[in-house]
Amino acid sequence: MSDTWTTAADLRGIVSALRAKISAEKAVDIEAYRLLHDENGDLRPAADSAIALWESGGGVWRDHHLAIAHHHRFYEHPPHAEASPRHSDHLKHWARVHGDDSFWARMRSHLSTVMGEPFPEDVLRSVRRRLPRDLFAPHLTLAEQALPTRPDLASFHLTEIQRSGFPASAIAEARKEFATETVTAALVAAREGRHDDALDALRPRLAADPDNPDLVRSLLFVCRKRMEALVIEEDWHHRSGPFLERVTDLLAPYRAALGTTEAPPPPIAAELARVEFFLGVNVLRTRLDIEKPPATLLEGAHAAVARLRQAFQLNPDLESVSGIYRGARGHLTTALLAVAYALQGLGQGDAVARRYLDEALEHRETVLTNPDSYQLALMVILGMAANTRAELDLGVAAVEKLQDNPATPPEIRRVALPRMRSELANRRMRVR
Amino acid sequence: MADNPWAWQDGRNPYTWTPFQVLDLPPDTAGRAAIDARVRKRRQRVARAPERYSVFGREPTVADVNEAAEQVRDPEARLLAELRTHRPERIPKGDQVAVPPPPEIPLPPVVVNTDALSRLAPPPAPRHFERLWPHGE
């Protein structure tokens, strides 16, 4: 048999397969459409049997049929009518229709035919463009209604929007709309010094949409404004506890959603860095007491380290933001050295403590500039079984700093410092 | 810009009060004349006996009919209505097989075929007659 004979046979096979497929799809469409009619012959927007059939197959209008049927169900049985709302993907098929150019081309063709003149392209484009917003609108309305008494329901509606499958830009716009009024209200309250009122305003919406970028940013802004005003006072860390606890609670879902690898967008990162700084310094000031048992000290120090490390990760130039943040590196080195000291107190070996000491010593100058840091450094170094040369050098420098520091008590100056100098010198001789 | 038909208004379902439903107008009705004719008929029916033409439990008024008629004529409103309406799925013309009516088969004319008939008749057989009277008297 020659090639031409084989090709012709193939073509016939393809054509008949295609005819069979089209016929099969058409058969599904016709039967499903028939099933939409009730016993009186009236057309209904949805029927279980029709939905099941279209979900198994059908022609080019299939997604549109399913979009209507599923969305009709949303209006027939809205979530607040049920005991516990389940995610139902009411908008999934609409998202497909919206994104399908061929659907809109077919619709235009049909409309041109029935209206007897070419259907205006700009009207088609405009309706297509507004479709996501139109379909999101009932969810936003119902979320607003549910906020005061049913935050779980409000959350359901925001999640339906996020899971809808519509373009990210449309979803972002809807979430922005959800946040806008509250963000404004929180801003006004913060400017008037009513920071707790601002948090009250943000709380319900954050519960419904915890990682809403505008709400999170507003929360961080309120926190930062409060703290920047507060830190000029000497005992600020004693007065900021409850406020910072509220902020931490409100921020927790966002942090959890972010995970450890994802970086927040730049506007949020900059604000979050500042808030992490305040949270870290607050822990440092309130829970870092070397008189406390090592286990307690360790917990506090670890928490401070986590916050301050995070602050620098989010904004490596944190210290240059303003004078308030200038001591950030010093706080971090103090916290790291406090961890090392606590670990030694718990009987951990040199290797474990050294990890934190080394990280602190990456900023040697900062350690030596900061009294808390160089005192802790000295104790940690002397608390080790054996030291490196660099550690001993730092120990010596720290002793000199203490010597020069007018705040050093006389008995320390007289007794302890000479002992430390001598101990460091002995250890120096042992290092090869 | 037309209102959002999907906006939440308690009790309103955008899929059970479309202009096509209010007018009882198939969306593939083509041409201004055909649409206008249906609108006129519907208006008359609704004016006379609205209870007979309820749409998912709601009785349309003449005002509803007029509004629906405007909507199917306005491009934006029409498109928004079409989006909420299932495309009619009918058997396509190409796949339809027209079954012709049985042909008029005329009855054949009655023709007498004498040869055939005569063959059917028994052959003439000589017959014997009883003489009823004496011969020559």
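Residues numbered from 1 in each chain as written. Chains lettered and ligands numbered in written order. Predicted model: local features only at pLDDT ≥ 70, side-chain atom pairs only at ≥ 80, totals over all residues. Heavy atoms only, no water.

1. A word on the overall build of chain B
Next up, step 1: Within chain B, the secondary structure is distributed over 5 helices and 0 strands.
Next up, step 2: Mapped in sequence order, the helices and strands of chain B form the string α-α-α-α-α.
Next up, step 3: Across chain B, contacts joining residues at least 24 apart in sequence account for 59% of those joining residues at least 6 apart.
Next up, step 4: Of the roughly 9900 Å² of accessible surface on chain B, 57% is carried by carbon and sulfur atoms. (Helix = DSSP H or I, 4+ residues; strand = E, 2+ residues; numbered from the N terminus. Contact = heavy atoms within 4.5 Å. Areas by Shrake-Rupley, 256 points an atom, 1.4 Å probe, with all protein chains shown as cover.)

2. Some points on unusual backbone geometry
Residue and element names in this part refer to chain B.
Next up, step 1: For Asp-24, which is not glycine, the phi torsion reads 50° and is therefore positive.
Next up, step 2: Its place among the elements puts Asp-24 in the loop between α1 (19-23) and α2 (32-48).
Next up, step 3: Even without being a glycine, Phe-56 presents a positive backbone phi close to 50°.
Next up, step 4: Following the sequence through the fold, Phe-56 ends up in the loop between α2 and α3 (62-73).

3. Topic: the domain arrangement of chain A
Many analyses report the size of an interface as the accessible area lost when the parts associate.
Residues and elements named next belong to chain A.
Next up, step 1: Taken as a whole, chain A is organised into domain 1 (29-157) and domain 2 (164-361).
Next up, step 2: Each of domain 1 and domain 2 was reduced to a C-alpha centroid, and the two centroids are 43 Å apart.
Next up, step 3: Listed per partner, the contact involves 15 residues of domain 1 and 14 residues of domain 2.
Next up, step 4: Looking only at domain 1, the three residues that lose the most surface to domain 2 are Phe-136, Leu-140 and Leu-147, adding up to 41% of its buried area.
Next up, step 5: Inspection of the domain 1/domain 2 interface yields 2 residue pairs in polar contact (both at pLDDT 80 or more).
Next up, step 6: Looking at the side of domain 1 that touches domain 2, the elements with two or more residues in it are α4 (92-99), α6 (121-146) and α7 (151-162). (Domains from an automatic or database assignment. Buried area = accessible area lost by both parts, 1.4 Å probe. Polar contact = N/O pair within 3.5 Å; in protein donor to acceptor, adjacent residues only side chain to side chain.)

4. Points about the pattern of salt bridges
Residues and elements named next belong to chain A.
Next up, step 1: Under the counting rule described, the total for this entry stands at 37 salt bridges over all chains.
Next up, step 2: The shortest N-O distance in the salt bridge between Arg-427 and Glu-423 comes to 2.8 Å. In this pair, Arg-427 and Glu-423 both sit in helix α20 (residues 410-430), 4 residues apart, roughly one turn of the helix.
Next up, step 3: Taking the relative accessible area as the measure of exposure, Arg-427 reaches 10% and is therefore buried.
Next up, step 4: Judged by its relative accessible area of 29%, Glu-423 is partly exposed. (Salt bridge = Lys/Arg side-chain N within 4 Å of Asp/Glu carboxyl O. Buried < 20%, exposed > 50% of the residue type's maximum accessible area, 1.4 Å probe, protein only.)

5. A closer look at a nonpolar patch on the surface
Next up, step 1: On the surface, a cluster of nonpolar side chains totalling about 480 Å² of accessible area is made up of Val-110, Val-112, Leu-117 and Leu-120 of chain B.
Next up, step 2: By secondary structure assignment, the location of Val-112 of chain B is in the loop between α4 (75-83) and α5 (114-120). (Patch = residues over 30% accessible without salt bridge, like charges linked within 9 Å, V, L, I, M, F, W, Y side chains within 5 Å.)

6. Some details on the interface of chain A and chain B
Next up, step 1: With 47 residues of chain A at the interface, the matching set in chain B holds 39 residues.
Next up, step 2: When residues of chain A are sorted by the area they lose upon contact with chain B, Tyr-75, Val-114 and Arg-130 of chain A head the list and together hold 19% of the total.
Next up, step 3: In this structure, Glu-76 of chain B engages Arg-130 of chain A in a salt bridge whose closest nitrogen and oxygen atoms are separated by 3.0 Å.
Next up, step 4: Element by element, the count of residues in the side of chain A that touches chain B is highest for α6 of chain A, at 13 residues.
Next up, step 5: For the side of chain A that touches chain B, the per-class residue count stands at 29 nonpolar, 11 polar and 7 charged. (Nonpolar A, V, L, I, M, F, W, Y, C, P; charged D, E, K, R; others polar.)

7. Quick word on the confidence of the model for chain A
Next up, step 1: Mean pLDDT over chain A: 91, with 96% of residues reaching 70 or higher.
Next up, step 2: Element-level pLDDT for chain A is lowest in helix α1 (residues 3-35) of chain A, with a mean of 78, against a maximum mean of 97 in α4 of chain A. (pLDDT = per-residue confidence, 0-100.)

8. Some remarks on helix α8 (residues 168-191) of chain A
All names here are of chain A.
Next up, step 1: Between the first and last C-alpha of α8 there are 32 Å, a value that for 24 residues agrees with the 34 Å anticipated at 1.5 Å per step.
Next up, step 2: Ala-179 marks where α8 bends most, by close to 40°.
Next up, step 3: Summarising the contacts, the buried residues of α8 are in contact with α6, α7, α9 (195-208) and α10 (213-230).
Next up, step 4: At the exit of α8 stands Gly-193, carrying a positive phi of roughly 80°. (Expected span 1.5 Å × (residues − 1). Bend = angle between axes of the 7 residues up to and from the residue.)

9. Points about the environment of Val-22 of chain B
All names here are of chain B.
Next up, step 1: Within the fold, Val-22 resides in helix α1.
Next up, step 2: Val-22 gets classed as buried once you look at its relative accessible area, which sits at 2%.
Next up, step 3: Leaving out residues up to four positions away in the same chain, Val-22 has contacts with Trp-17, Arg-42, Val-55, Pro-60, Asp-64, Val-65 and Ala-68.

10. Here's the deal with the nonpolar core
Next up, step 1: Within the largest apolar cluster, 123 residues are counted, with the highest numbers of intra-cluster contacts made by Trp-94 and Phe-277 of chain A together with Trp-6, Leu-79 and Leu-83 of chain B.
Next up, step 2: For this core, the element with the highest residue contribution is helix α13 (residues 266-287) of chain A, accounting for 11 residues.
Next up, step 3: Mapped onto the domain boundaries, this core takes at least three residues apiece from domain 1 (29-157) and domain 2 (164-361) of chain A.
Next up, step 4: What Phe-277 of chain A contacts, discounting residues up to four positions off in sequence, is Leu-308, Ala-311, Leu-318, Ile-324, Tyr-325, Ala-328 and His-331 of chain A.
Next up, step 5: Listed in part, the 15 residues of the second largest apolar core include Phe-20, Val-22, Ala-68 and Val-72 of chain B. (Core = buried A, V, L, I, M, F, W, Y, C linked by side-chain atoms within 4.5 Å.)

11. Here's the deal with the environment of Phe-221 of chain A
Residues and elements named next belong to chain A.
Next up, step 1: With respect to the helices, strands and loops of the structure, Phe-221 is situated in helix α10.
Next up, step 2: Counting along the chain gives 54 residues from Phe-221 to Val-275, while the straight-line C-alpha distance between them is 8.6 Å.
Next up, step 3: If we ignore the near neighbours within four places in the chain, the residues touching Phe-221 are Leu-187 and Glu-271.

12. Side note on the packing of α9 of chain A against helix α12 (residues 241-258) of chain A
Residue and element names in this part refer to chain A.
Next up, step 1: Packing of α9 against α12 brings their axes to within 11 Å, and their N-to-C directions diverge by 15°. On the basis of the axis angle, α9 is roughly parallel to α12. Relative to α12, the crossing made by α9 is left-handed. Contacts from His-195, Asp-196, Leu-199, Asp-200, Arg-203 and Leu-206 in α9 reach Phe-243, Arg-246, Val-247 and Leu-250 in α12. (Axes fitted to C-alpha atoms, helices over the stretch in contact; angles between N-to-C directions. Parallel < 35°, antiparallel > 145°, perpendicular 65-115°, else oblique. Left-handed = near helix turned anticlockwise from the far one by under 90°.)

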